[in-house]
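A closer look at the structure
Spelled out from the first residue to the last, the chains are:
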Amino acid sequence: MNGVPDLTGDRCAMFGVETMPGVSLDAVWETGATLPGVVRSTAYGSPALKVGGQLMACVPTNKSAEPGSLMVRVDRNDRQTLLAEAPELYYITDHYLGYDAVLVRLERLNRELLHDLLAMAHRFVTRKGARRTWRWAGGREKAKA
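The model shown is predicted, which means the values in this text are computed figures rather than measured ones.

Summed over the entire model, instances satisfying the criterion amount to three salt bridges. Among the salt bridges present, the one from E30 reaches R111, with a minimum N-O distance of 3.2 Å. Of this pair, E30 sits in helix 2 (residues 25-32) while R111 is found in helix 4 (residues 111-126), placing the two residues 81 residues apart along the sequence. Here E30 falls in the partly exposed class, since its relative accessible area comes to 46%. Of the charged contacts, one joins R105 and E66 as a salt bridge, the two residues approaching to 2.8 Å between their closest N and O atoms. A residue pair is termed long-range when its members are at least 10 positions apart, and R105 in strand 6 (residues 101-105) and E66 in the loop between strand 3 (54-58) and strand 4 (69-73) qualify at 39 residues. Judged by its relative accessible area of 16%, R105 is buried.

Let us look at the environment of A121. For A121, the position within the fold is in helix 4. Given the relative accessible area of 0%, A121 is considered buried. Remark: the alpha-carbon pair of A121 and V74, spanning 47 residues in sequence, is separated by 5.4 Å. Discounting residues that sit within four places of it in the chain, A121 has contacts with M56, V72 and R73.

Most of strand 2 (residues 46-51) sits inside the fold, with five of its six residues counted as buried. Where strand 1 (residues 38-43) meets strand 2, six bridges bridge the pair, whose relative direction is antiparallel. Each bridged residue has a counterpart across the sheet, and for T42 the counterpart in strand 2 is P47. With antiparallel pairing between neighbouring strands as the criterion, strand 1 and strand 2 make up a hairpin whose turn holds two residues, including Y44 at a positive phi of roughly 55°.

Cut-offs used in this document
- Starting afresh in each chain, residues are numbered from 1 along the sequence in its written order.
- Under the rules for a predicted model, residues below a pLDDT of 70 receive no local features and side-chain atom pairs below 80 are neither given nor counted, while totals for whole chains, interfaces and linings still include all residues.
- Water and hydrogen atoms were dropped before computing side-chain values, which therefore reflect all heavy atoms in the structure.
- Only one rule defines a salt bridge in this text: a Lys or Arg side-chain nitrogen within 4 Å of an Asp or Glu carboxyl oxygen.
- In DSSP terms, a helix is any run of H or I states spanning at least four residues, a strand is any run of E spanning at least two, and both are numbered starting from the N terminus.
- Each residue gets one of three labels from its accessible area relative to the maximum for its type: buried under 20%, exposed over 50%, partly exposed in between, using a 1.4 Å probe on protein chains only.
- Note on contacts: a residue pair qualifies if any of its non-hydrogen atoms lie within 4.5 Å across the two residues.
- For two strands to count as paired, DSSP must find a minimum of two bridges between them.

Below is the structure:
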């Protein structure tokens, strides 16, 4: 995956996606807090993780997202890989297509994959030259969350 941690495929199979117990939102907040500079916050009135004031992950607020999901910021190229390799775990709706994000079904996730996914989001948000706002396909900028 070109330097992208294996958050799909063999690791999901290794843990048996269909038998994964899932993770809670509390586990998301606890895991996020282990990464440098990450704080619990809100975005669009929803619980979120931010680093340096930038949105990293949140409970999706758009009604197109399935209940029990988490929106995680990732590069769109990495998102395509995740979607292709584990559609039972990762998904996207039309609303989120233009954003640097993927939706994750928490019931299909385990703690180790959660940590790897949040670490990927952390690297994406904090990388040198990362956008201070996030764009969607329409070209308009969304204000910092």
